[in-house]
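Overview (structure and organization)
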Amino acid sequence: MSRNLDAIIFGASSYTGQFVIEEALEILKDFRWGIAGRNEKKLKRMLSDIEAKIKKDLTHVPIIIADVNDTSSLEIMAKQCRIVLNCCGPYNILGEPVVKACIDAGTHHVDITGEPQFIGNMLLKYNDLAKEKGVYIVYACGLESVPAELGVLFAEEHFGERQLNKEKLPPTKPKLWLKPFPHQIEASDRYYCYFPATDKFVIERSQRYFYDSQKKRPIQFESYIGFRSFWLALLWPFYVILLLILSQFTWSRKALLRSPHLFSFGLVSAEKPLQSVQNSIEFAMTLKAKGRYHEVPDFVEPKKELVVRVSGKNPIYGVTSNAMLICAKTILNESSKMPQKGGVLSPASAFAKTQIIEEITRTKYGLKFDVIKT
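All of these numbers come straight from a predicted model, not from anything done at the bench. (Residues numbered from 1 in each chain as written. Predicted model: local features only at pLDDT ≥ 70, side-chain atom pairs only at ≥ 80, totals over all residues. Heavy atoms only, no water.)

1. Some details on the UniProt feature "transmembrane region" (unreviewed entry) in the protein chain
Filter applied, for reference: UniProt positions are given in the numbering used here, feature names are shortened, and annotations may be inferred rather than shown by experiment. Per the convention used, a helix needs a DSSP run of H or I reaching at least four residues, while a strand needs a run of E reaching at least two, with both numbered from the N terminus.
Per the UniProt record, the feature "transmembrane region" (unreviewed entry) sits at residues 230-251. Between the C-alpha atoms that bound residues 230-251 the distance is 33 Å, and the span itself is 86% helix and 0% strand.

2. Quick word on the packing of helix H1 (residues 15-27) against helix H12 (residues 315-334)
The cut-off we apply is this: The axes used here are C-alpha line fits, helices contributing only the stretch in contact, and every angle between their N-to-C directions lies in the interval 0 to 180 degrees. Any angle that is under 35 degrees is reported as roughly parallel, and any over 145 degrees as roughly antiparallel; angles of 65 to 115 degrees are reported as roughly perpendicular and all others as oblique. The sense of a crossing depends on the near helix, which, turned anticlockwise from the far helix by less than a right angle, makes the crossing left-handed and, turned clockwise, makes it right-handed. Here, residues are in contact when the closest pair of their heavy atoms is within 4.5 Å. Note that Gly is not counted as nonpolar here; it falls among the polar residues with everything else outside the nonpolar set of Ala, Val, Leu, Ile, Met, Phe, Trp, Tyr, Cys and Pro and the charged set of Asp, Glu, Lys and Arg.
The contact between H1 and H12 brings their axes to 9 Å, and the two run at 55 degrees. Relative to H12, the element H1 is oriented oblique. Crossing of H1 against H12: the hand is right-handed. Facing Tyr-15, Thr-16, Phe-19, Val-20, Glu-23, Ala-24 and Ile-27 of H1, the residues of H12 in contact are Tyr-317, Thr-320, Ser-321, Asn-322, Met-324, Leu-325, Ile-326 and Lys-329. For the contact of H1 with H12, the per-class residue count stands at nine nonpolar, four polar and two charged.

3. A word on the packing of aromatic side chains
Here is the rule: Here the aromatic set is Phe, Tyr and Trp, taking the six-membered ring for Trp, and pairing holds for ring centres within 6.5 Å; pairs whose planes are under 30 degrees apart are stacked, those over 60 apart are edge-to-face, and all others are tilted. When the NZ atom of lysine or the CZ atom of arginine is within 6 Å of a ring's centre and also within 35 degrees of its normal, the charge is said to sit over that ring.
Across all of its chains, the model carries eleven aromatic pairs by this definition. On the basis of an interplanar angle of 90 degrees and a centroid distance of 4.8 Å, the ring pair of Tyr-15 and Tyr-317 is categorised as edge-to-face. Taken together, the positions of Tyr-15 in helix H1 and Tyr-317 in helix H12 put the pair 302 residues apart, joining distant regions of the chain. Between Phe-230 and Trp-231, the ring centres sit 5.2 Å apart and the planes meet at 80 degrees, which makes this aromatic pair edge-to-face. One aromatic cluster in this structure is built from Phe-195, Phe-227, Trp-236 and Tyr-239. The ring centre of Phe-19 lies 5.9 Å from the NZ or CZ of Lys-53, which sits over that ring.

4. Brief notes about the environment of Ile-112
With respect to the helices and strands, Ile-112 occurs in the loop between strand S5 (108-111) and helix H5 (116-133). Remark: the alpha-carbon pair of Ile-112 and Ala-255, spanning 143 residues in sequence, is separated by 26 Å. Not counting the four nearest positions on each side in its chain, Ile-112 is found in contact with Thr-16, Asn-86, Tyr-91, Ala-140, Cys-141, Gly-142, Thr-320 and Met-324.

5. Considering the domain arrangement of the protein chain
Spelled out, the test is: The start and end points of each domain follow an automatic or database-based domain assignment. Throughout, buried area stands for the accessible area (probe radius 1.4 Å) lost by two parts on being put together, summed over both.
Considered domain by domain, the protein chain is made up of domain 1 (5-143 + 316-363) and domain 2 (146-314 + 369-373). Distance between the C-alpha centres of domain 1 and domain 2: 25 Å. With 31 residues of domain 1 in contact, the opposing surface of domain 2 contributes 23 residues. Summed over both partners, the interface of domain 1 with domain 2 buries about 2,200 Å², with 71% contributed by carbon and sulfur atoms. Broken down residue by residue, the surface that domain 1 buries against domain 2 is led by Tyr-15, Ala-348 and Ile-357, which jointly contribute 23%.

6. With respect to the packing of helix H6 (residues 146-157) against helix H7 (residues 198-214)
With their axes 9 Å apart at the nearest point, H6 and H7 run at an angle of 45 degrees to one another. Between H6 and H7, the angle is such that the two are oblique. Crossing hand, H6 versus H7: right-handed. When H6 is examined against H7, the residues Ala-148, Glu-149 and Val-152 are found in contact with a partner set consisting of Asp-199, Val-202, Ile-203, Ser-206 and Gln-207. Classifying every residue of the contact of H6 with H7 gives four nonpolar, two polar and two charged.

7. Examining the pairing of strand S2 (residues 33-37)
Rules: The rule is simple: take the accessible area with a 1.4 Å probe, protein chains only, and divide by the maximum for that residue type; under 20% is buried, over 50% is exposed, in between is partly exposed. By this definition, two strands are paired if DSSP reports at least two bridges between them. Seen with the strands pointing away from the viewer, any crossover whose path from the first strand over the helix to the second strand runs clockwise is right-handed.
Taking burial as the measure, the five residues of S2 include five buried ones, the bulk of the element. Note that strand S1 (residues 7-10) and S2 share four bridges and pair parallel. Bridging across to S2, Ile-8 finds its partner in Gly-34. Once you follow S1 into H1 and on to S2, the crossover reads as right-handed. Pairing of S2 with strand S3 (residues 63-65), which is carried by three bridges, proceeds in the parallel orientation. What sits directly across from Ala-36, in S3, is Ile-64.

8. Thoughts on a positive patch on the surface
The criterion, for reference: Without a salt bridge and with relative accessible area above 30%, a residue can belong to a patch; like charges are then joined within 9 Å and nonpolar side chains (Val, Leu, Ile, Met, Phe, Trp, Tyr) within 5 Å. The accessible surface values rely on the Shrake-Rupley method and a 1.4 Å probe; as for residues, cover is taken only from the protein chains in view. Here, a salt bridge means any side-chain nitrogen of Lys or Arg that lies within 4 Å of a carboxyl oxygen of Asp or Glu. Positive charge is attributed to Lys and Arg, negative charge to Asp and Glu, and no charge count is given to His or to the chain ends. The location of each charge is read from NZ of Lys, CZ of Arg, CG of Asp or CD of Glu.
A cluster of basic residues, Arg-38, Lys-42, Arg-45 and Lys-272, forms a positive patch at the surface. Residue position: Arg-38 is located in the loop between S2 and helix H2 (40-54). You can call Arg-38 exposed: its relative accessible area is 63%.

This is the structure in structure tokens:
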């Protein structure tokens, strides 16, 4: 079967998939792409809704029928394109059949998972096979964890001839200790508290890759969430512990899913957010990097510091859709700059030598990178 398409957006009728399609009209305008899902009527209706919204004819967009419960349909889909953009989650339940079909077909794959268990399973099961097939399986290509991954690359670039706080693995020294209590950093007026995000897991995978493949000493990374109020930051750990406890029992999990607005004090809702509300939301990720010059001995405490900021608008759907599409576009355009000719990779390990940072700053919901303090 000939590959008549460059890219296919799978799970296109999902809420996130609709955003990816809208943004693909611009980001993938120079490529041949289509959409895929299990329900043809739903896919056509979704295209009609987007047509009415953006006032453009989308009848030229190919529709492919594929279902995660039908292996042959996934294989047929994967064989028609060079890369699959998988928007169909939760990935720990639905992701593996799509990854396997792509590898078998020799087709690249990107997703927007934030599920460490899924990532670990794909690495263990398919990394060697993906290398053998020359296929890139790049995970976490959305809000988790592209801003953090590219933020670390941006910080490393702007350290120049300095070394970030790197040592061999193991051990890693001087140790970057987690700060459990609210604290402030320079160039920010917020109070920061530990945040158990997927970013740390993904960044550590990237650093392990760089160490194994290039013998680069890995950086240490911890993630925090910032609050304007000291008291909110102080209460945050207790709130996280409460949610963790409630998530352990069937009755309380159902309550969390049924009434998220009650447990999040109105911040999270089961209702679809209004476009105007999404566009009004801004986010910023501040990375404080500490390191030393190359000529400074390893036993000397690193004292050089750099603070960078990664920011954007509409982070949940806007940044996620743009990041996923830019990752796919980078594979299509710059695979010669990517490592090992294949494998299950994180965004940083896959795209470290490409122009992805420059590319992602040019999109509608792209990221902005700034040096705050040197």
